[in-house]
Amino acid sequence: MSKILSERYEIIEKIGVGGMAIVYKAKDILLNRVVTIKVLRDQFASDDDFVRRFRREAQSAASLSHPNIVSIYDVGKDGDTEYIVMEYVEGQNLKELIREYAPLSSEQSINLALQIARAIRHAHEHHIIHRDIKPHNILVTADGRAKVTDFGIARAVSAATMTHTGDIIGSVHYLSPEQAKGVQTNEQSDLYSLGIILYELLTGKVPYDGETPIAIALKHLQENPVPPSSLNPRISQELENVILKAIAKAPERRYQTASELIQDLTRVQNGEPLQMTEQPLEEDLESTRIHKSLSNGVNAALSAHPKDEPPKTNQPKNKRKAWIIGAVAALLLLLAGWFGFSYLGGSPTEVPNLVGLSKLEAGYATEKANLKLDQNVDEEYDDTIAAGKISAQSPKAGSTVKKGRSIKITVSKGPEMLKMSNLLTGQMTEEDARNKLKSDGFTGDIKIIPDTKSNLPAGIVTGQNPPANTPWPKNDKIDLTVSAGANGNLVMPNVVGKSAAEAQKILVDQMNLQVVILNESSTDYPKDAVMATNPKPGDAIPPGTIVTITVSDGPGPLA
């Protein structure tokens, strides 16, 4: 494959491999932006029918414009290479986050599910069914935005495509029962897959698993799921009802639209009651329904006096009622004590290392450790930590603290940006430019590029990158083009007093000269400092000259 597709898209690196396409990070030369390019695999590119469908579906998906959907910019062909150009999203896919941080909190899970549901709703409103909703196809940015991708196998709902019902498409763990049967899919298939994802976010497990894809597909058809609250008791009854309704086997028992699912998720998020008219579980699962611990405890307490056994005639009704109330109160106290011990600091936990993580990733990591992030976040410039990543935390990683404690974080703003000065006055020497950059606060490397075509005297700055007035990271590299003079010579810089390493960096890395080191004892210069050079500072020297530097071998200035 060419390094540049259609004379416009420059391939930077391969970032993924899928069943249908190979994914690259690339640069759109025309618009000067980074993009993602999905290149159709050779075995599919040679299938004319598949290519036509591939193009049609990609063009249909390109009509979608939503903050939670990865945008499609272009569909093209370069020789035998078929490709789609998409928005580049910096982040992780949801499957990677689940593997590392699940189970997530209800708040985090609902937030992600709502974003995915809004993306699905937008697609359905444009008559597009995704048909392969799974965590691998959902990207999450550093600030927590979910973006659904890979609509390349989605089909516009039309008479022309309704006949294609024989193929099962999608990862089997997230496959709807109707997809497993190979029958026609509809909007409810996407909602079923989202329900499976929500189940996995909250429990760390998929509801149906097995040794083979066929075994898993049969479970989607024949088995009822383990209620998620039995795997994670912190899941509320209302949230569990939403999940179980979303993954009901019969499409008519599920949410009929993404809007309905969004409404119920929003109610749970706001602590409002649901308005369900029927139980979300299948009838044959009702007998094995697992109730909440509190309900079990109350039932156990009440069972001490079976309801079909009348109270003894010599026992007043109010005494019996007081006994029941006391039993329930004692049970509630026991549960409160257990909750406080487990979740509010009764046992210690280790603080995870958050430095280098995004706030989203840090939220997952602290949640997993039964901790939380302090809502007051500091920001600071940092030369080594990328902007948006955590640069400091308190308490430090590895510390032992009580569960429930807040972790204070500082988020990097990246390196400080400074305004580049104008170094092209026609009179500024290389040394003057270095001193100016240093006084302006720049700390990055300076690379010297000889200008052999300039008519200016040797040593005068004739070019700079970045240009004047450009905001530039204070620690980033700066290029200076310096006149070599009419005869093409360079000017020997003054490195006397610098360390041997600093001198070599200037002479070798920046000026492409060769260096020979001589060591001499000295009581005038500190050990490892350059005492003299040959040629001397300011001498005109041809490119590639061998420079001898004399370096102090100590003992250095006497006290």
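Procedures and definitions
- Residues numbered from 1 in each chain as written.
- Predicted model: local features only at pLDDT ≥ 70, side-chain atom pairs only at ≥ 80, totals over all residues.
- Heavy atoms only, no water.
- Helix = DSSP H or I, 4+ residues; strand = E, 2+ residues; numbered from the N terminus.
- Buried < 20%, exposed > 50% of the residue type's maximum accessible area, 1.4 Å probe, protein only.
- Contact = heavy atoms within 4.5 Å.
- Areas by Shrake-Rupley, 256 points an atom, 1.4 Å probe, with all protein chains shown as cover.
- Phe/Tyr/Trp six-rings, centres within 6.5 Å; stacked < 30°, edge-to-face > 60°.
- Lys NZ or Arg CZ within 6 Å of the ring centre and 35° of its normal.
- Core = buried A, V, L, I, M, F, W, Y, C linked by side-chain atoms within 4.5 Å.
- Salt bridge = Lys/Arg side-chain N within 4 Å of Asp/Glu carboxyl O.
- Pairing = 2+ DSSP bridges.
- Axes fitted to C-alpha atoms, helices over the stretch in contact; angles between N-to-C directions.
- Patch = residues over 30% accessible without salt bridge, like charges linked within 9 Å, V, L, I, M, F, W, Y side chains within 5 Å.

A. Seen up close, the overall build of the protein chain. Within the protein chain one finds 14 helices and 27 strands. Taking all 559 residues of the protein chain together, 44% fall into the buried category. Once local pairs closer than 6 in sequence are excluded, the contacts in the protein chain between residues at least 24 apart make up 66%. Of the roughly 28,900 Å² of accessible surface on the protein chain, a fraction of 50% belongs to carbon and sulfur atoms.

B. The environment of S63, seen in detail. Tracing the chain through its elements places S63 in the loop between helix 2 (48-61) and strand 5 (72-78). Not counting residues within four places of it along the chain, the set of residues in contact with S63 comprises H126 and I128.

C. Highlighting the packing of aromatic side chains. Applying the stated criterion across every chain, the model contains two aromatic pairs. Plain terms: the ring middles of Y9 and Y83 are 6.0 Å apart, the flat faces sit at 70 degrees to each other, and that makes the pair edge-to-face. Here Y9 is found in strand 2 (residues 9-17), whereas its partner Y83 is found in strand 6 (residues 81-87), with 74 residues between them in sequence. Of the two residues, Y9 and Y83, neither departs from the other in class, the shared state being buried. Ring centres of Y101 and Y364 lie 5.3 Å apart, and the angle between their planes is 45 degrees; on these two criteria the pair is classed as tilted. With Y101 in helix 3 (residues 94-101) and Y364 in helix 12 (residues 359-368), this residue pair connects regions lying 263 residues apart in the sequence. The exposure class assigned to Y364 is buried, which follows from its relative accessible area of 2%. Directly above the ring of Y255 sits K245, whose terminal nitrogen or CZ lies 4.5 Å from the centroid. The cationic tip of K413 hangs over the ring face of Y381; the distance from NZ or CZ to the ring centre is 4.2 Å.

D. Quick peek at the nonpolar core. Core analysis: the largest hydrophobic core is formed by 83 residues, its most contacted members being L94, L239, L265 and L354. Beyond its immediate chain neighbours, meaning those up to four positions away, L94 contacts L112, I116, P135, I138, V140, I197 and L201. If you look at the next biggest cluster of nonpolar residues, it comprises 28 residues, including M428, F442, I446 and V495.

E. Layout of the pattern of salt bridges. Taken as a whole, this structure holds 16 salt bridges when the rule is applied. Between D132 and K134 there is a salt bridge, and its shortest N-O distance comes to 3.6 Å. We classify D132 as buried; its relative accessible area is 8%. Under the relative-accessibility criterion, K134 is labelled buried at 17%.

F. Broad picture of the sheet that holds strand 22 (residues 478-483). If you trace the three strands from one edge of the open sheet to the other, you get 19-22-20, paired in mixed fashion. The sheet terminates laterally at strand 19 (446-451) and strand 20 (461-465), the two strands that pair on one side only. With strand direction ignored, the average angle separating the axes of adjacent strands in the sheet is 20 degrees. Pairing of strand 20 with strand 22, which is carried by four bridges, proceeds in the antiparallel orientation. Following the sheet pairing, Q464 is matched in strand 22 by L480. Strands in contact with helix 13 (residues 430-440) are strand 19, strand 20 and strand 22; relative to strand 19, the strand with the most contacts, it is inclined by about 155 degrees.

G. Fine view of a nonpolar patch on the surface. Nonpolar side chains collect at one region of the surface, where V516, L518 and I546 lie side by side and expose about 250 Å² of accessible area between them. For L518, the location among the structural elements is in strand 24 (residues 514-522). A relative accessible area of 42% places L518 in the partly exposed class.

H. Structural context of the side chain of H220. If you trace the backbone, H220 turns up in helix 7 (residues 213-222). Judged by relative accessible area, which is 0%, H220 ranks as buried. With sequence-adjacent residues up to four places away left out, H220 is seen in contact with V172, H173, Y174, L175, P177, Y192, I196, Y208 and K249.

I. The arrangement of the sheet that holds strand 5 in detail. Read from one edge to the other, the open sheet built from six strands follows the order 1-2-3-4-6-5, with strand pairing classed as antiparallel. Looking at the sheet topology across the chains shown, the edges are occupied by strand 1 (4-5) and strand 5. Pairing of strand 3 (residues 21-28) with strand 4 (residues 33-40), which is carried by eight bridges, proceeds in the antiparallel orientation. By the bridge assignment, D28 is partnered in strand 4 with R33. Packing against the sheet, helix 2 makes contact with strand 4, strand 5 and strand 6, and its axis sits at approximately 155 degrees to strand 5.

J. Geometry of helix 12. Along helix 12, seven of the 10 residues are buried, which leaves the element largely enclosed by surrounding structure. When we look at burial in helix 12, the residues that qualify are L360, E361, A362, G363, Y364, A365 and T366. Following helix 12 by one or two positions, N370 adopts a phi angle in the positive range, close to 60 degrees.

K. Structural view of unusual backbone geometry. The step from A102 to P103 runs through a cis peptide bond, and the omega angle for that step is 0 degrees. Secondary-structure assignment places P103 in the loop between helix 3 and helix 4 (106-125). That bond from S394 to P395 is cis: its omega, 0 degrees, falls within 30 degrees of zero. Along the polypeptide, P395 turns up in the loop between strand 15 (390-394) and strand 16 (400-402). Phi at S6 is positive, roughly 55 degrees, even though this residue is not glycine.

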